[in-house]
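# Structure assessment
Each chain is listed here by its residues.
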Amino acid sequence: MATVILSSCVKLQFGNYLKTFLLFGVIFLNTRFLIAQKRSIDVTELGNWLSVSNPCISNDGEFVGYNTEVPAGYTTPKKNVTLIIRSQNGTWKKEIPNGQNFTFLENSRFGVFTVNDSLYMIEIGKDPVKFVADASLFDFPAAGQNNWIAYQLKNETKDVVLRDVASGQERIFPNAESFAFDRSRQHFLIQLNDSKDSCKCTVLKLLSLPKMETKEIWSSDLLKDAKVNPSSLIFDGRGKQLLFSTTTNDSPESATIWYYNTSMDRAKIKVSAQTAGISGYTIGSITGFSQNGKWIFFNLQEPWSNKIKDSTAASVDLWSYKDAILQPAQSELPATKTLTAVMQSNADAALRIFGETDKIETFPDKITGDFIVIADNYVFQHNYFPTWWKWSKQPVLSVMSLVDGHKIPIGGKDWNQNIGTAGLSFSPLGKYLIFFDSKIGSYFSCELATGKIINVTKGVSVKLTDDFEYGEYNLRSQVGQDIFWFTNDKAFIIYDNYDMWKIDPAGGVAPRNLTRGYGTKTQTQLRLLHEPTLEEPIDDLTDRVLLVGFNILNKYNGFYQGFLIRNIDPQLLTMGPYTYYHAPSQAPAKYIGFDEGMEPLKVANAKCWLVKRQSVTNAPNYFITRDLKTFTPVSDIQPQKDINWINGELITWKEDDSSILQGILYKPEDFNPDKKYPVIIHHYRRFSDRLYEFPMPNLTRGDMNIPWFVSQGYLVLTPDIHFLPPEKAGKGTSEQAYNAIISAVNYLSKLSYIDTKRLGIQGHSFGGGTTSYIITKTSVFAAAAEASGLTDLVSGYSTLIPFYPPGTRVETMDKQLTLETQMGGTLWAEKDRYLASSAVLNADKVKTPLLIMHNKLDGQIQWRQSVELYLSLRRLGQKVWMLQYDNEDHTVIDDVNALDYTIRLTQYFDYYLKGKLPAKWMTEGVPAKLKGIETGYAPDESGAKP
């Protein structure tokens with residue numbers, strides 16, 4: 001055996017100066033295998049990492065397009081992109097450097113794309129043709145939608161060209177200011193500077209496609225003022241109606257809203273300062289049309305205050321116990337209050353204004369009839385208001401008629417706790433409102449014509465509420481939000497944890513389990529693959545539907561054939577150790593650096609899909625399938641193939657209370673079970689669901705980058721932590737995290753290839769806070785690293801943190817009551833729990849070296865939290881370092897800073913877990929006067945120890 005010392009020097013150009021980073025590693029190898037050994041990940045690899053993006057497929061399913069790209073950053077100052085267009089059978093292929101924004105047109109024969117400022121057309125099977133140079137403001141259809149495109153030239157007259165790419169038909173509009181298609185691309189609206197009677201005017205022209213029939217619908221000469229320009233142009237969902245606003249001489253008081261529909265010759269004034277009910281307000285922005293196009297929504301502003309400050313008065317902030325909003329936040333409130341107004345679109349109905357004491361809780365695009373949902377007694381007008389405030393009435397949720405104003409209360413005084421407004425669903429024809437009461441755990445239907453409210457899921461035999469019990473799978477906050485309608489308002493679909501149910505909104509038909517309990521029996525979450533919208537509900541006669549499945553035990557992902565009419569079990573199409581796609585209610589929590597899959601792209605005119613497939617060992621790539629059983633690759637980008645990549649193993653163990661936990665143990669590709677490996681435990685809440693997601697190598701910016709550290713010779717364990725509410729668990733979340741992680745350590749200690757004397761732990765944000773707590777309870781870890789964590793729950797509970805806009809400070813009283821830091825009550829109600837969970841107050845028990853990273857501009861957890869822990873450990877003589885990066889927030893964004901953090905975190909763990917020489921910054925520090933001059937990366941060869 002020979003000892004081979006590998007050293008790499010990476011030189012990177014950042015800005016106008018050169019930084020040289022020296023990374024040292026000692027690897028013991030048998031020299032006869034040295035040539036064949038795959039290399040480790042380094043910064044050069046990160047700067048050249050290739051991936052696929054922006055897929056599309058032709059309407060006939062015969063051709064696909066996508067980009068391969070290397071992102072800008074690291075060693076690549078400019079994004080490197082290539083457009084790939086190819087036949088699915090591989091007989092024809094084009095690669096276009098710097099090609100972007102590609103889309104197929106409706107007939108599948110043509111495609112369009114851009115290269116820098118040039119627009120290209122390609123006839124499939126031939127070479128691309130550039131037909132526009134120096135263009136901007138491209139507007140392409142969605143893949144396969146139709147053949148119409150629009151673009152603006154960079155010439156003196158700013159011409160806009162409207163073109164049918166397939167036929168070559170086009171129209172040129174000189175002196176254009178802006179343009180837009182409606183959603184269906186059947187109408188084209190353009191704003192032009194025109195001349196009338198030797199006077200320059202602004203005009204709006206509407207073209208009906210494909211005949212290009214043109215109608216001038218508005219001109220500024222209507223107002224006898226050439227300085228009037230339209231703005232906020234909004235079509236309704238069907239492209240039949242249009243709203244826009246104007247101001248004269250940029251005066252807000254002159255704001256006017258105009259209305260047009262395709263049966264009219266010209267647009268007309270809909271709302272102005274003279275409109276009844278507007279007096280005392282200024283017309284603000286247009287929100288849009290309701291989903292059915294019957295109602296329009298816009299904002300009103302109260303007038304500016306004319307009060308003048310008394311120059312002789314004291315400049316003092318007076319903080320009162322009755323201040324609903326703290327003084328620092330009050331100073332950042334808008335100068336005027338914004339209200340919401342509603343009018344009927346094609347009739348002069350009465351204006352209704354909301355926002356003084358009530359608030360609309362449904363978005364316009366979800367309003368299908370003549371009703372909205374409002375919150376009466378509304379005082380929560382911004383994010384600064386504390387949820388515990390007791391000096392005001394609690395809002396009451398009601399359904400309100402926009403026609404006559406009558407209300408139907410639906411939520412009682414506790415609406416904000418029990419009914420999630422995100423899950424309110426009007427039926428497509430506007431007959432019903434469905435809402436979910438989380439306290440009762442049921443869906444309710446309100447028949448809008450009669451006001452009758454009934455529990456429509458009383459007959460569902462399983463729990464529909466979120467469940468935090470150990471061993472059970474929770475719905476990740478999607479409960480009450482997934483409601484999918486059939487046509488004619490006859491029924492809707494909901495999900496439980498595993499299965500799908502058909503519910504009658506009238507309550508006359510008992511709920512039916514569409515998947516017959518198959519999901520529960522197999523522990524597979526079943527969801528609609530293509531979830532319908534209000535605009536396109538499920539046809540009543542539809543039987544066969546495609547489902548996406550995710551098995552929570554083995555983490556397999558795939559597809560099923562489901563049935564909505566026939567009473568039979570779902571039929572398996574494919575399930576395997578891959579990630580294809582997760583529906584929102586079955587998706588693992590979104591983790592930076594992991595690819596979560598893609599909803600398959602369905603071909604319009606053929607039974608064919610373009611899917612993305614990946615695993616921990618196979619990078620994401622695109623595949624064609626005609627049956628969702630067999631998959632033919634159309635891309636094969638594997639940037640990890642020449643690297644000592646990683647494998648992920650799903651492990652299962654029991655916690656002390658016999659609860660079953662899972663986690664992923666990541667190992668290097670060249671893993672040798674006869675060796676002893678150091679292990680870093682990286683934790684947050686629940687990571688095992690991402691077992692078959694491809695982990696993207698990157699710099700560490702908060703959460704440690706797993707491929708980087710595994711490639712450096714570490715094993716990394718990401719254990720699940722199932723949190724119970726403290727009142728059920730009898731302990732806080734920090735102690736629950738400790739129990740789960742120590743049980744994972746106990747499991748690792750039984751594996752022959754684990755070096756239990758070389759264990760590390762790392763966490764960020766909530767994971768950073770629990771890391772700090774854990775090392776007050778155990779000395780099993782040789783090194784710990786925490787980033788941006790909460791370390792003192794007492795001071796953290798009663799302080800102010802930064803908020804938007806910059807300079808604002810808001811209280812953190814609610815922070816400890818969230819899911820992340822469930823303490824079960826206030827500081828005074830759960831005093832012992834707060835004290836026991838605070839690392840600062842138990843710092844005298846810490847024996848583990850700690851590396852902290854926390855930045856002064858952190859807007860989520862105040863920087864002083866880490867300063868407290870650093871000062872405490874320093875005073876106690878414990879080994880502690882703290883990194884603070886200028887101009888960074890909760891994570892490290894700038895590449896230079898992220899590279900620095902990655903290097904220091906690697907050197908830190910390398911010393912304590914691998915026995916390498918310490919870096920000089922660990923033994924000597926870096927004086928403030930040498931900040932930005934000396935890095936301290938070099939190894940300390942003097943024999944000094946931290």
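In the nomenclature of an unreviewed UniProt entry, the protein chain is known as S9 family peptidase of Niastella soli.

## What about the overall build of the protein chain?
The secondary structure content of the protein chain amounts to 13 helices and 56 strands. Accessible surface computed for the protein chain: about 41,900 Å², of which carbon and sulfur atoms make up 50%.

## Overview of a positive patch on the surface
Taken together, the side chains of Arg 544, Lys 602, Lys 607 and Lys 629 present a region of like positive charge at the surface. Within the secondary structure, Lys 602 sits in strand β43 (residues 601–602).

## Brief notes about the packing of aromatic side chains
Counting across every chain of the model gives 39 aromatic pairs. With 5.0 Å between their ring centres and 55° between their planes, Phe 181 and Phe 188 make a pair best called tilted. Overall, Phe 181 belongs to the buried group, its relative accessible area being 10%. In this arrangement the basic side chain of Lys 502 is found over the ring face of Phe 486, its NZ or CZ atom lying 4.6 Å from the centre. It is Lys 667 that lies over the ring of Phe 671; its NZ or CZ is 4.5 Å from the centre.

## Section: the pairing of strand β52 (residues 783–787)
Within β52, five of the five residues are buried, which leaves it mostly tucked inside the rest of the structure. Side chains Ala 783, Ala 785 and Ala 787 project from β52 onto one buried face, and the interleaved Ala 784 and Glu 786 project onto a second face that is buried too. Bridge count between strand β51 (residues 754–764) and β52: five bridges; the pairing is parallel. Bridging across to β52, Gly 760 finds its partner in Ala 783. Across four bridges, β52 lies against strand β55 (residues 850–853) in parallel orientation. Note on β55: the bridge partner recorded for Ala 784 is Leu 850.

## Description of the sheet that holds strand β20 (residues 241–248)
Ordered by their spatial adjacency, four strands build an open sheet running β19-β20-β21-β22, and the pairing between neighbours is antiparallel. Sheet topology places β19 (229–235) and β22 (268–271) at the edges, where each strand pairs with a single neighbour. Averaged over neighbouring strand pairs, the angle between their axes works out to 35° when direction is ignored. Strand direction decides the pairing type here: strand β21 (residues 251–261) and β22, joined by three bridges, are antiparallel. Note on β22: the bridge partner recorded for Ile 257 is Val 271.

## With respect to the nonpolar core
Among the nonpolar cores identified, the biggest contains 48 residues, and Tyr 666, Phe 709, Leu 851, Tyr 908, Phe 909 and Tyr 912 are the most heavily contacted of them. Secondary-structure elements contributing two or more residues to this core are α1 (43–46), β48 (660–668), α5 (706–711), β52, β55, β56 (880–883), α12 (895–914) and α13 (920–923). Top element by residues in this core is α12. It accounts for 10 residues. Formed by 41 residues, the second largest nonpolar core is a distinct cluster that contains Ile 741, Val 745, Tyr 753 and Ile 754.

## So, the environment of Phe 723
Counting through the fold element by element, Phe 723 comes out in the loop between β50 (715–719) and α6 (726–729). In this structure the C-alpha to C-alpha distance between Phe 723 and Ala 740, which are 17 residues apart in sequence, comes to 9.6 Å.

## Examining the side chain of Arg 833
As for its position among the elements, Arg 833 is in helix α10 (residues 831–836). Classification of Arg 833 as buried rests on a relative accessible area of 18%. Aside from chain neighbours lying at most four places away, what touches Arg 833 is Pro 726, Gly 730, Lys 731, Gly 732, Met 823 and Gly 824.

## Details of helix α11 (residues 864–875)
With 12 residues, α11 should cover 16 Å at 1.5 Å per step; its first-to-last C-alpha distance of 16 Å lies within 8% of that length. Buried within α11 are the following residues: Gln 865, Ser 866, Val 867, Glu 868, Leu 869, Ser 872 and Leu 873. Looking one or two places after α11, you find Gly 877, whose phi comes out positive at around 80°.

## Description of helix α8 (residues 766–774)
Within α8, nine of the nine residues are buried, which leaves it mostly tucked inside the rest of the structure. Every buried residue of α8 is listed here: Phe 766, Gly 767, Gly 768, Gly 769, Thr 770, Thr 771, Ser 772, Tyr 773 and Ile 774. At its buried positions, α8 is contacted by α7 (733–748), β51, β52, α10 and α11.

## Concerning the packing of α7 against α8
α8 packs onto α7 with a crossing angle of 75° between their chain directions and a minimal axis gap of 9 Å. One finds that α7 runs roughly perpendicular with respect to α8. On α8, the residues touching Thr 733, Ser 734, Glu 735, Ala 737, Tyr 738 and Ile 741 of α7 are Phe 766, Thr 770, Tyr 773 and Ile 774. The class makeup of the residues in the contact of α7 with α8 is six nonpolar, three polar and one charged.

## Here we look at the environment of Phe 550
Residue placement: Phe 550 occurs in strand β40 (residues 544–551). Each C-alpha atom, one on Phe 550 and one on Tyr 580, is 9.8 Å from the other, the two residues being 30 residues apart in sequence.

## Structural notes on the pattern of salt bridges
Within this structure, the stated rule accounts for 27 salt bridges. Close ionic contact of Asp 910 with Lys 916 constitutes a salt bridge, the shortest N to O distance being 3.6 Å. Of the two residues, Asp 910 and Lys 916, both sit in the buried class.

## Digging into unusual backbone geometry
When glycine is set aside, most residues are seen to have a negative phi, and most peptide bonds are trans. In this structure, Pro 210 follows Leu 209 across a cis peptide bond, with omega equal to 10°. When you line up the elements, Pro 210 lands in the loop between β17 (199–208) and β18 (213–219). Phi at Asn 101 takes a positive value of approximately 60°, unusual for a residue other than glycine. Among the structural elements, Asn 101 can be located in strand β7 (residues 99–104). What makes Asn 101 partly exposed here is its relative accessible area of 48%. Even without being glycine, Leu 628 reaches a positive phi, approximately 55°. Within the secondary structure, Leu 628 is located in the loop between β45 (621–625) and β46 (632–633). The exposure class assigned to Leu 628 is buried, which follows from its relative accessible area of 0%.

## Here we look at the pairing of β55
Side-chain alternation along β55 places Leu 850 and Ile 852 on one buried face and Leu 851 and Met 853 on a second face that is also buried. Pairing of β55 with β56 involves four bridges; the strand directions are parallel. Across the sheet, the residue bridging to Leu 850 is Val 880, located in β56. After leaving β55, the chain enters α11 and then returns to the sheet as β56, a path that is right-handed.

Quick notes on the rules
Residues numbered from 1 in each chain as written. Predicted model: local features only at pLDDT ≥ 70, side-chain atom pairs only at ≥ 80, totals over all residues. Heavy atoms only, no water. Helix = DSSP H or I, 4+ residues; strand = E, 2+ residues; numbered from the N terminus. Areas by Shrake-Rupley, 256 points an atom, 1.4 Å probe, with all protein chains shown as cover. Patch = residues over 30% accessible without salt bridge, like charges linked within 9 Å, V, L, I, M, F, W, Y side chains within 5 Å. Salt bridge = Lys/Arg side-chain N within 4 Å of Asp/Glu carboxyl O. Lys, Arg positive; Asp, Glu negative; His and termini not counted. Charge placed at Lys NZ, Arg CZ, Asp CG, Glu CD. Phe/Tyr/Trp six-rings, centres within 6.5 Å; stacked < 30°, edge-to-face > 60°. Buried < 20%, exposed > 50% of the residue type's maximum accessible area, 1.4 Å probe, protein only. Lys NZ or Arg CZ within 6 Å of the ring centre and 35° of its normal. Pairing = 2+ DSSP bridges. Axes fitted to C-alpha atoms, helices over the stretch in contact; angles between N-to-C directions. Core = buried A, V, L, I, M, F, W, Y, C linked by side-chain atoms within 4.5 Å. Contact = heavy atoms within 4.5 Å. Expected span 1.5 Å × (residues − 1). Parallel < 35°, antiparallel > 145°, perpendicular 65-115°, else oblique. Nonpolar A, V, L, I, M, F, W, Y, C, P; charged D, E, K, R; others polar. Right-handed = clockwise from strand over helix to strand, strands pointing away.

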